[in-house]
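For reference, the chains in residue letters:
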Amino acid sequence: MSPATAEHRPMHNSLAGKVAIVTGGGRDIGRACVMKLAQSGASVAINYHSSAAGADSAVAEIRETGGSAFALKGDMTSTTDVEGLVAKTVSEFGDRIDILVHVTGGLVARKTMAEMDEAHWNTVMDLNATSFMRAIKAVLPHMTQGGAIVGLASQAGRDGGGPGAVAYAASKGAVMTMTRGLAKELGPDIRVNSVCPGMIDTDFHNVFTKDDVRSHVANVTPLKREGSSEDVANLVTYLASDDAAFITGANIDINGGLLFS
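What comes next is a walk through the structure. Just so it is clear, the structure is predicted and the values come from calculations on it, not from any experiment.

**Thoughts on the nonpolar core**
Moving on, step 1. One finds Val-22, Val-34, Leu-37, Val-44, Val-101, Val-195 and Val-232 to be the most contacted residues of the largest nonpolar core, which totals 34 residues.
Moving on, step 2. Among the elements of the structure, strand E1 (19-23), helix H2 (28-39), strand E2 (43-48), helix H3 (52-64), strand E4 (97-102), strand E5 (143-152) and helix H10 (229-240) are those that each provide at least two residues to this core.
Moving on, step 3. Ranked by residue count, the leading element in this core is H2, at 7 residues.
Moving on, step 4. Leaving out residues up to four positions away in the same chain, Val-34 has contacts with Val-22, Gly-25, Val-44, Ile-46, Ala-58 and Ile-62.
Moving on, step 5. Grouped together as the second largest cluster of nonpolar side chains are 27 residues, Ala-45, Met-76, Val-82 and Ile-190 included.

Structure (C-alpha cells):
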C-alpha cells in the first residue's frame, strides 16, 4: 500500500472524547499529527510559532468534518506562553488533557564545536529539551489517568547526527533520556514515549540538508524513500492511543530501516 493510500484510510474513533495538545502543530510532522489525532476523534489544541496558515487551515479542516480544534500562537521556550496554551485548552475543552504531543524543536544552525558558542548551545537545548520539560510540567496537573505523552526525539539522538549537529543530537538524546525517566516517574497513570525519525521529507531537511545527501540516504535506506510526515503521525497517534497501553519509556525508531537500534 502506498503512503498516499495509507494516508486516506478511514480511521476508527480510538481517541473519541479525548483532549490533545500538539506543540509545533502548524506544519510538517506537527500538522500531520494534528490531523491524525483529530481523525481519530480527539479534540486538538494546536500550538504554532510561525506557521499560522498551516495551523489555521488545520482548524478549518477539522471543524468542517465535525471535529473540535483551535490554534494559538506561542513560543514554547516561554513559560508564560506554555501556560497560556494549557489554560486555553482546559477553558475550551474542559479541565482534562489526555494527550501531549511535543513536536516543537529544531536544529537552528549547523555549527561544529569549534564554531559554536554557549549561546547557540543553550538556544538548541532550550528549544528541544527544556521546552519538553516546560510543556510536561504545565499539562501534568490536568492530565487524566491513562494519559499519554509523546515526544519528538530523532535518529540524531542515537547516532550523533550529521555535520555540525552535536548540539541538536545532544538535545534529542536528552529527550530520549527524559522519556525513560518520566515513564518510571509518571507510571502507571501516564505513559511517556518518544519517536526517533530518520530522513523525513520536511522543511527541516529542505533547509539544512543538501539534495544529494537526501537522495543518497533514500537510496541506501531499505525502503528506498524518505519518510513522510504522515508516516510519523501514524506512529505518534498509535502511541497516544490505548492500543499502546503496555508501551512506555520507549524511543521508537522510524527511519525506513536506515538505522537499527
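Next, the rest of the story.
**Observations concerning the sheet that holds E5**
Moving on, step 1. Across the sheet, which stays open at both edges, the 7 strands sit in the order E3-E2-E1-E4-E5-E6-E7 with parallel pairing between neighbours. Edge positions in the sheet fall to strand E3 (69-73) and strand E7 (251-254), since each of these pairs with one other strand and no more. Sheet twist, expressed as the mean angle between neighbouring strand axes with direction ignored, is 15°.
Moving on, step 2. Note that E2 and E3 share 5 bridges and pair parallel. Directly across from Asn-47, in E3, lies its bridge partner Leu-72.
Moving on, step 3. Against the sheet, H10 makes contact with E4, E5, strand E6 (190-197) and E7, and its axis sits at roughly 165° relative to E6, the strand it touches most.

**What about empty space enclosed by the protein?**
Moving on, step 1. Applying the stated criterion to the full structure yields 1 cavity of 30 Å³ or more.
Moving on, step 2. Counted as a void, the largest cavity has a volume near 30 Å³.
Moving on, step 3. Taken together, Met-199, Val-217, Ala-218, Thr-221, Arg-225, Glu-226, Asn-255 and Leu-258 make up the lining of the largest cavity.

The rules behind these values
Residues numbered from 1 in each chain as written. Predicted model: local features only at pLDDT ≥ 70, side-chain atom pairs only at ≥ 80, totals over all residues. Heavy atoms only, no water. Core = buried A, V, L, I, M, F, W, Y, C linked by side-chain atoms within 4.5 Å. Buried < 20%, exposed > 50% of the residue type's maximum accessible area, 1.4 Å probe, protein only. Helix = DSSP H or I, 4+ residues; strand = E, 2+ residues; numbered from the N terminus. Contact = heavy atoms within 4.5 Å. Pairing = 2+ DSSP bridges. Axes fitted to C-alpha atoms, helices over the stretch in contact; angles between N-to-C directions. 1 Å grid on protein atoms, 1.4 Å probe; cavity = no way out; pocket = protein on both sides within 12 Å on 5 of 7 lines; lining within 4 Å. Points joined across faces, edges and corners; volume = space filled by probe spheres on them.

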